[in-house]
Amino acid sequence: MSSERLRQITDAVRAAGRMGVAELAELTGASEMTVRRDLEVLAAQGVLERYRGGARTLLLRGQEPPFALRAAEGQETKRRIAEEVCRLISDGESVVLDSGTTCLEVARVLHDRRVTVMPLSLHAVNALTGGPEVTLLVPGGQPRPGELALTGPLTEASLAALRFDTAVIGCCGLTAADGLTAFDLADAAAKRAAIGSARRVIAVAEAPKLTRTALAFVAPASALHAIVTDTSAPDEPSAALAAAGAVIRKV
């Protein structure tokens, strides 16, 4: 409930520009004292700025929320998605694993599998370290603060030098019309390089992302072989993505 409330406050303040504590308490059904504590948490994460009696947003409309906030959201859903992805991966496969919170859950589930994995984030590298049968490949690149996603020419060169059985790719938005999109241009370039180095592409996306389009184009929907999402994914966008050629798996 806490993570859902933080997201609700974040979305409301971002949409309005600024909101008072009393307004947010009425919106969330929480006490004003609880809302004040939530605002302190979000202010510490750089999502908003406190002022006496309320808060104003620090996020642009096209900007991704901080990693720490996203990591706390929908953990059970992300775990189900990760477990389904891992059921699609056979022992002995080589996998390039994208950055992001859902892909981090995939890394945690893969920890005890006999696979070769190149993660594109230091969070996932850490999660896979010590796996008894995992062969861990670490690319070069520059980690983004907070996100710790590896991007840049060294990352792209590492991907170009290898050929993987499967790429597991996260996204900020995914629609049949606009394809797979990301907020960050360097992250989009790394995703494109990962897709280009793999025989099969599995996209992971919680249901709300199937109705969103972010700034940077990564790949058309036709480049995806499978999309793993949750059961709340709406039927119409799912059907459009299936028509583009992807197998939709809802868990």
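Residues numbered from 1 in each chain as written. Predicted model: local features only at pLDDT ≥ 70, side-chain atom pairs only at ≥ 80, totals over all residues. Heavy atoms only, no water.

*Asks:* Explain the side chain of His 111 here, please?
*Replies:* Structurally, the position occupied by His 111 is in the loop between α6 (101-110) and β5 (116-119). Setting aside residues no more than four positions away along its own chain, His 111 makes contact with Ala 127, Leu 128, Thr 129, Gly 130, Gly 131, Pro 132 and Val 134. (Helix = DSSP H or I, 4+ residues; strand = E, 2+ residues; numbered from the N terminus. Contact = heavy atoms within 4.5 Å.)

*Asks:* Where do I start with the sheet that holds strand β2 (residues 48-51) in this structure?
*Replies:* Within a sheet, each strand pairs with its neighbour through backbone hydrogen bonds, oriented either parallel or antiparallel. The strand order β1-β3-β2 describes an open sheet built from three strands, whose pairing is antiparallel. Here the strands that pair on one side only, and so sit at the sheet edges, are β1 (18-20) and β2. Neighbour-to-neighbour, the strand axes of this sheet turn through a mean angle of 20°, independent of strand direction. Of the pairings in the sheet, the one linking β2 to strand β3 (residues 54-57) comprises four bridges and is antiparallel in character. Following the sheet pairing, Leu 48 is matched in β3 by Thr 57. Its contacts with the sheet put helix α1 (residues 2-16) on β1 and β3, and the angle it makes with β1 is roughly 120°. Docked against the sheet, helix α3 (residues 32-44) engages β2 and β3, running at close to 135° with respect to β2. (Pairing = 2+ DSSP bridges. Axes fitted to C-alpha atoms, helices over the stretch in contact; angles between N-to-C directions.)

*Asks:* It is not clear to me how the nonpolar core should be interpreted in this structure. Could you clarify?
*Replies:* Most often, soluble globular proteins keep nonpolar side chains buried together rather than apart. One finds Leu 174, Leu 180 and Leu 224 to be the most contacted residues of the largest nonpolar core, which totals 31 residues. Within the residue set of this core, elements represented by two or more residues are β9 (164-169), β11 (179-182), α9 (185-196), β12 (198-204) and β13 (216-219). Contact partners of Leu 180, with chain neighbours within four places excluded, come to Ile 169, Gly 170, Cys 171, Gly 173, Leu 174, Lys 191, Ala 203, Ala 216, Phe 217, Val 218, Ala 219 and Leu 224. Core analysis: the next-biggest nonpolar cluster, separate from the first, contains 25 residues, Ala 82, Ile 89, Ala 107 and Leu 128 among them. (Core = buried A, V, L, I, M, F, W, Y, C linked by side-chain atoms within 4.5 Å. Buried < 20%, exposed > 50% of the residue type's maximum accessible area, 1.4 Å probe, protein only.)

*Asks:* How do you make sense of the pattern of salt bridges when you look at a structure like this?
*Replies:* In a structure, side chains of opposite charge can pair up when their charged atoms sit close to one another. Taken as a whole, this structure holds 18 salt bridges when the rule is applied. With a closest N to O distance of 3.3 Å, Asp 11 and Arg 7 form a salt bridge. Residue Asp 11 and its partner Arg 7 are both found in helix α1; the two are separated by four residues, about one turn of the helix. With a relative accessible area of 32%, Asp 11 lands in the partly exposed category. Since its relative accessible area comes to 19%, Arg 7 is described here as buried. What emerges from the salt-bridge pattern is a single network uniting Arg 79, Glu 83, Glu 105 and Arg 108. (Salt bridge = Lys/Arg side-chain N within 4 Å of Asp/Glu carboxyl O.)

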